[in-house]
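Residues per chain are reported as follows:
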Amino acid sequence: MAIVGPSSFVSTTEDFLTHWAAADAALGVGNEINLQGGILRATLQLLLDALVAKRLDLAGKLNLEETARGDVETKKTDALLRINQFNEAVRADFGGTKWERALPNVPSISDGAGIYTAVLDDVQTLWLQLNAGIAPAAPLTLLGGTTQANFAADTTALKAAFTTWRSAGVVAGLALQERNDIQDQIQPILVNYRKKLPTKFPKNHALVDSLPNVTPPPGSTPDAVTAT
């Protein structure tokens, strides 16, 4: 096994720890391999434990980010329906008036928070002004009974969902960098172990010949990795 991406860091480090334990056992108590900087096998084990924990932490935070994204998409879809219904109702009842001319362009489902919230604010304000302008007639109500107050509440909820999604992305991004920092500490230790081990045993010794690889040998085809 060798490192071909983040998903292989744990298994590769475990291979090195197993090999290191065998080497220490062969060398005997008091002669264990000690890398530059006082790095012992226990040091690598602690880093591996930290990496495993951080990978779990990252997975949880990525799940929260994905859940928040799903909530945004659901709310965007609902808002898009209401915007279209509002525009259609205004064109049907107030065609040719200032109300129709003030209608905002309908956003795309793929548009981000900036465009979406601007249109939602425009609709919310226009709807409020229209209701005031046609009083004392009944205020405009959409198909299904949606009122201006309902739409305003939905707008607030979507804005909050956008904020939650952005925050979850920042938190997940930080956890990703923390995982990378641990990996960046582990890889040089594995490289140094490969340099140190052959100085402790004769050439062609089984422990020398069985040294794990840090990266795939030249010309090899690494196993396919799963994007994270």
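Okay, so let's go over this structure.

Criteria and thresholds
- Residues numbered from 1 in each chain as written.
- Predicted model: local features only at pLDDT ≥ 70, side-chain atom pairs only at ≥ 80, totals over all residues.
- Heavy atoms only, no water.
- Helix = DSSP H or I, 4+ residues; strand = E, 2+ residues; numbered from the N terminus.
- Rg over C-alpha atoms; globule rule 2.2 N^0.38 Å.
- Buried < 20%, exposed > 50% of the residue type's maximum accessible area, 1.4 Å probe, protein only.
- Contact = heavy atoms within 4.5 Å.
- Axes fitted to C-alpha atoms, helices over the stretch in contact; angles between N-to-C directions.
- Parallel < 35°, antiparallel > 145°, perpendicular 65-115°, else oblique.
- Left-handed = near helix turned anticlockwise from the far one by under 90°.
- Nonpolar A, V, L, I, M, F, W, Y, C, P; charged D, E, K, R; others polar.
- Salt bridge = Lys/Arg side-chain N within 4 Å of Asp/Glu carboxyl O.
- Core = buried A, V, L, I, M, F, W, Y, C linked by side-chain atoms within 4.5 Å.

Examining the overall build of the chain
- The number of helices and strands found in the chain is six helices and zero strands.
- The N-to-C order of helical and strand elements in the chain reads α-α-α-α-α-α.
- Computed over C-alpha atoms, the radius of gyration of the chain comes to 30 Å, more than 25% over the 17 Å expected from 2.2 N^0.38 for 228 residues, which places it beyond the range of a compact globule.
- Across its three principal axes, the chain shows a C-alpha extent of roughly 95 × 35 × 25 Å.
- In the chain, which comprises 228 residues, the proportion classed as buried is 35%.
- Residue pairs in contact within the chain that sit at least 24 positions apart in sequence constitute 72% of those at least 6 positions apart.

What to know about the side chain of Gln-85
- By the secondary structure assignment, Gln-85 is in helix 2 (residues 41–94).
- Residues contacting Gln-85, with those up to four places away along its chain left out, are Leu-142 and Leu-143.

A closer look at the packing of helix 2 against helix 5 (residues 148–196)
- Interaxial distance between helix 2 and helix 5 falls to 7 Å at its minimum, and their mutual angle equals 160°. Considered as vectors, helix 2 and helix 5 are oriented roughly antiparallel to each other. By crossing handedness, the relation of helix 2 to helix 5 is classed as left-handed.
- For the contact of helix 2 with helix 5, the class distribution of residues is 27 nonpolar, four polar and 12 charged.

What about the pattern of salt bridges?
- Under the criterion given, the structure shown has eight salt bridges.
- Asp-71 is the partner of Lys-75 in a salt bridge, and the nearest nitrogen-oxygen pair spans 2.7 Å. With Lys-75 and Asp-71 both in helix 2, this residue pair falls four residues apart, about one helical turn.
- Judged by its relative accessible area of 34%, Asp-71 falls in the partly exposed class.
- A salt bridge links Asp-121 to Lys-159; the shortest N-O distance between them is 2.7 Å. Placement of the pair is Asp-121 in helix 4 (residues 113–134) and Lys-159 in helix 5, with a sequence separation of 38 residues.
- Residue Asp-121 is classed as partly exposed on the basis of its relative accessible area of 27%.
- Counted as one network, the salt bridges with shared partners bring together Lys-54, Asp-57, Lys-61 and Glu-178.

Observations concerning the environment of Trp-20
- When you line up the elements, Trp-20 lands in helix 1 (residues 9–27).
- Between the C-alpha atoms of Trp-20 and Pro-139, which are 119 residues apart in sequence, the distance is 77 Å.
- Contacts of Trp-20, omitting those with residues within four sequence positions, involve Ile-33, Leu-35, Ile-39, Leu-40, Arg-41, Leu-44, Ile-189 and Tyr-193.

Brief notes about the nonpolar core
- Of all hydrophobic cores here, the largest spans 26 residues; its most connected members are Trp-20, Ile-33, Leu-44, Ile-186, Tyr-193 and Leu-197.
- Of all elements in the fold, only helix 1, helix 2, helix 5 and helix 6 (206–209) reach the threshold of two or more residues within this core.
- Considering every element that reaches this core, the biggest residue donor is helix 1, with seven residues.
- When near neighbours in sequence (up to four residues on either side) are disregarded, Leu-197 contacts His-19, Ala-23, Ile-33, Leu-207, Val-208 and Leu-211.
- Of all hydrophobic cores here, the second largest spans 25 residues; its members include Ala-89, Val-119, Trp-127 and Phe-162.

Nothing here speaks to function; it is geometry throughout.
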